[in-house]
Amino acid sequence: DAGVTQSPTHLIKTRGQQVTLRCSPKSGHDTVSWYQQALGQGPQFIFQYYEEEERQRGNFPDRFSGHQFPNYSSELNVNALLLGDSALYLCASSPQGGGFLYTGELFFGEGSRLTVL
Amino acid sequence: AQTVTQSQPEMSVQEAETVTLSCTYDTSESDYYLFWYKQPPSRQMILVIRQEAYKQQNATENRFSVNFQKAAKSFSLKISDSQLGDAAMYFCAYLEYGNKLVFGAGTILRVKS
């Protein structure tokens, strides 16, 4: 059983460009969350998707947007890239079924390392 | 908003010895959940242990245990019989309603052979 898979593993962009990161959740999981982890820091919650809708959002600007597909996979899009967007972007999946307090384990992917020059 | 503080940027332990990683948090809630996650060089976050605030008993998972002090808002992780494979970044995290995990800044654990 494949776990959470993310692509690409690494990518380099320049300021002002746009980027799309992809995530396939663990089999049987219906909810996908995205986190940003800057170097030397803990992950910060970006947003969460369930049933193809954004359900929760952290303190991130509208340049960060996402999508969830009928097969539960998800994309994270970042527009007008800034140097400060350089980070590891982690995707996590869970079988929440719509609940707002899921206390079980989140399954994380290995992340996409984004470098903005 | 809830905050999580890990005051030890880096810790070292000798193989087979015991080490304790510290974590404090701030919340006005009475019932909540706390987690320790491990992030090895592979970057994949792995759940180590979970504690429910309304449970008085400290959680344990094999060599990993917590010291949960609710009044002090402290949630430390004890690793017994440390192994080389325990070397990683460890994050303390608080679960907010809405399924947001609030992470601390992390503690790098180095294990010496």
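Just so you know, these numbers come straight off a predicted model, no measurement behind them. (Residues numbered from 1 in each chain as written. Chains lettered and ligands numbered in written order. Predicted model: local features only at pLDDT ≥ 70, side-chain atom pairs only at ≥ 80, totals over all residues. Heavy atoms only, no water.)

Observations concerning the side chain of Gln51 of chain B
Mapped onto the fold, Gln51 of chain B is located in strand 6 (residues 46–52). There is a polar contact of 3.3 Å between the side chain of Gln51 of chain B and the backbone oxygen of Lys55 of chain B. (Helix = DSSP H or I, 4+ residues; strand = E, 2+ residues; numbered from the N terminus. Polar contact = N/O pair within 3.5 Å; in protein donor to acceptor, adjacent residues only side chain to side chain.)

Describing the side chain of Asp86 of chain B
One can find Asp86 of chain B in the loop between strand 9 (74–79) and strand 10 (88–96). Contacts of Asp86 of chain B, omitting those with residues within four sequence positions, involve Lys38, Arg63, Phe64, Ile79, Asp81, Leu109 and Val111 of chain B. (Contact = heavy atoms within 4.5 Å.)

So, the environment of Thr31 of chain A
All names here are of chain A. On the secondary structure map, Thr31 appears in strand 4 (residues 31–37). Linking Thr31 and Glu52, residues 21 residues apart in sequence, is a C-alpha distance of 9.1 Å. Those residues in contact with Thr31, other than ones at most four positions away along the chain, are Gln48, Tyr49, Tyr50, Gln68, Ala92, Ser93, Ser94, Gln96 and Gly97.

Quick notes on the interface of chain B and chain A
Taken together, the contacts link 21 residues of chain B with 28 residues of chain A. Taken together, both faces of the contact between chain B and chain A bury some 2100 Å²; the carbon and sulfur share is 53%. Where chain B meets chain A, there are 0 salt bridges. Our enumeration of links across chain B and chain A arrives at 7 residue pairs in polar contact (both at pLDDT 80 or more). When contributions to the side of chain B that touches chain A are tallied by element, the ones reaching two or more residues are strand 5 (33–39), strand 6, strand 10 and strand 11 (100–103) of chain B. The greatest single-element share of the side of chain B that touches chain A, amounting to 4 residues, is contributed by strand 5 of chain B. Class assignment for the residues of the side of chain B that touches chain A results in 11 nonpolar, 6 polar and 4 charged. (Buried area = accessible area lost by both parts, 1.4 Å probe. Salt bridge = Lys/Arg side-chain N within 4 Å of Asp/Glu carboxyl O. Nonpolar A, V, L, I, M, F, W, Y, C, P; charged D, E, K, R; others polar.)

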